[in-house]
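Tertiary structure, described
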Amino acid sequence: MPLTLGSVVERFKKKFSVSGEKSAAYGSHIPGGYSRSSLTFGPHAIYVERGDGQYIDTIDGHRLLDFHNNFSCTILGHNHPRIREAIFDLVPKGFSFGNPMEHEHQLAKMLCERIESVEKVIFSCSSSEACLSAVRIARANTGKNKIAKFEGGYHGLGDPFVLSIHPVPLLLAGPATRPKPVANTAGLSTTSCEDVIVLPQNDLEACRRILADNAGDLAAVILELQCGAGGVIRLDEPFVQGLGEILRTLGILMIVDETITLRAAYHGMQSLYGVKPDLTVLGKIIGGGLPLGAVGGRAELFRMNEAGEVFHSGTHHGHPLSTKAGIACLEVMNEATYDRLNSLGHSIQTELNRWAKQHDYPFSVNGVGSHLGYEISDRPGRVYKSCRDILAYSNEEHMQIFAFEMANRGIFPMYRGQIALSEPMTAADAQQFIRVGKEIIEALYGTKQ
Ligand SMILES: Cc1ncc(COP(=O)(O)O)c(C=O)c1O
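Here's what I pulled together on the structure shown here.

Conventions used here
- Residues numbered from 1 in each chain as written.
- Predicted model: local features only at pLDDT ≥ 70, side-chain atom pairs only at ≥ 80, totals over all residues.
- Helix = DSSP H or I, 4+ residues; strand = E, 2+ residues; numbered from the N terminus.
- Rg over C-alpha atoms; globule rule 2.2 N^0.38 Å.
- Buried ≥ 20, exposed ≤ 12 C-beta atoms within 10 Å, placed from the backbone.
- Contact = placed C-beta atoms within 7 Å.
- Pairing = 2+ DSSP bridges.
- Axes fitted to C-alpha atoms, helices over the stretch in contact; angles between N-to-C directions.

This brings us to the overall build of the protein chain. For the protein chain, the helix and strand inventory stands at 16 helices and 14 strands. The C-alpha radius of gyration of the protein chain comes to 22 Å, within 12% of the 22 Å expected for a compact globule of 449 residues. Dimensions along the principal axes, computed over C-alpha positions, put the protein chain at roughly 65 × 60 × 45 Å. Scored against the burial criterion, the 449 residues of the protein chain give a buried share of 50%. A separation of at least 24 residues holds for 72% of the contacts in the protein chain among residues at least 6 apart in sequence.

The sheet built from three strands is open, its strands ordered E11-E12-E14 with antiparallel pairing. Every other strand in the sheet has two partners, leaving strand E11 (363-368) and strand E14 (418-420) as the edge strands with one partner each. The average undirected angle you get between the axes of adjacent strands in this sheet is 25 degrees. Where E11 meets strand E12 (residues 371-376), six bridges bridge the pair, whose relative direction is antiparallel. Bridge pairing links Phe363 to Ile376 in E12.

What follows concerns the pairing of E12. It is a general feature of regular strands that their side chains alternate between the two faces of the sheet. Extensive coverage of E12 is indicated by the burial of six of its six residues. With three bridges joining them, E12 and E14 adopt antiparallel strand pairing. Within E14, the position partnered with Leu372 by the bridge is Ile419.

Let us now look at the sheet that holds strand E8 (residues 253-257). Strands sit in the order E4-E10-E9-E8-E7-E5-E6 across an open sheet of seven strands; the sheet is mixed. Lying at the two open borders of the sheet, with one neighbouring strand each, are strand E4 (120-124) and strand E6 (196-199). Sheet twist, expressed as the average angle between the axes of neighbouring strands with direction ignored, equals 20 degrees. Sheet topology places E8 next to strand E9 (residues 279-282); three bridges connect them, and they run parallel.

By themselves these figures say nothing about function.
Printed below as a string of structure tokens:
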């Protein structure tokens, strides 16, 4: 019997019925049952009891192979001994002070050594805050007010960013070559859409025109080299290099948000492009699974912070447990570990793409390193260059079926087309993803010889 969304959701609800009950019941105290709207996975979130290595055990009594990894954050998987030791070492000494601890500096030094463009670093609790700080630093240093972001770009929950992550409704989003900001949440300040310019992905000439028209007001452009939450779209290398030249000429700063993409390469994804952004936002893996964000960049851009002219503070910024766990995580993530994990990701991508092409299935896997995106499109061989391509060509119903059915068959991907690998994963785990992925595509489109 072919897979239908209805039947897949029914089996999901049955398999994860305890999670369903909790989601509904906990709504009595938390709106929606949990504090992150992104946790909803189809009908509801899947509550977890514990995680170990590459697995999570759900409250419903199922063990799932975790290709979600908290939206790509837990690159060492769960309960990794090195993270555990780092935390246990600190806990008896106390972990919340109105004083700095030395390992905050140690982590900052590691980041400066790894990422060429990063000469100084300030920490926050999350990348959302780090993105807001980066914008403030850019405004302070340029004396300009507006920022630009890309359609499809995600930079956390700050007002300037929760727009045009998904340019929907498309009717309000303007032409592809001159996009208009579209609010993706109620409650944005009325000036958010006026102060933010939206750029089209991978269209250099359109970006050149828009940036030139706004250069007098624009402090910075913030971008992901490979988007995640807005749909896994990679910016082309010549595009990013061309953009860098335009920004230098126009006196606009470049902020590269490497919250996810630091997992692509030991020196950051920017090292694969040979670009040196003015500022870099970091998060997720730098806290080893604990809450941490950071802004790094050219030393001179932090002079106003040093002079006390740019305010940057928060009770838990650079939290001792997070920075300690972050050091442990980055120590494990040495160049050899990056290579191994990236080659596992590569094996998933190449095998599934080879198979889909051979059998003419409208399925593809893209992405860099250990953070990959999959799409089920309107035709085999479709290449995506922008988030508007996703809106135009993806089969959303089949994308939902794929994600929920993965969970039904023991694998937990991110909802809407993303997966992230973790260090404990083996070739057998990659093979399991490949096998289950093929089974689901065959169930949707029929078996082909
Ligand atoms: C590229 C990017 N920037 C910023 C953020 C916001 O990070 P946080 O959830 O730590 O606030 C995210 C989160 O997924 C992200 O993917």
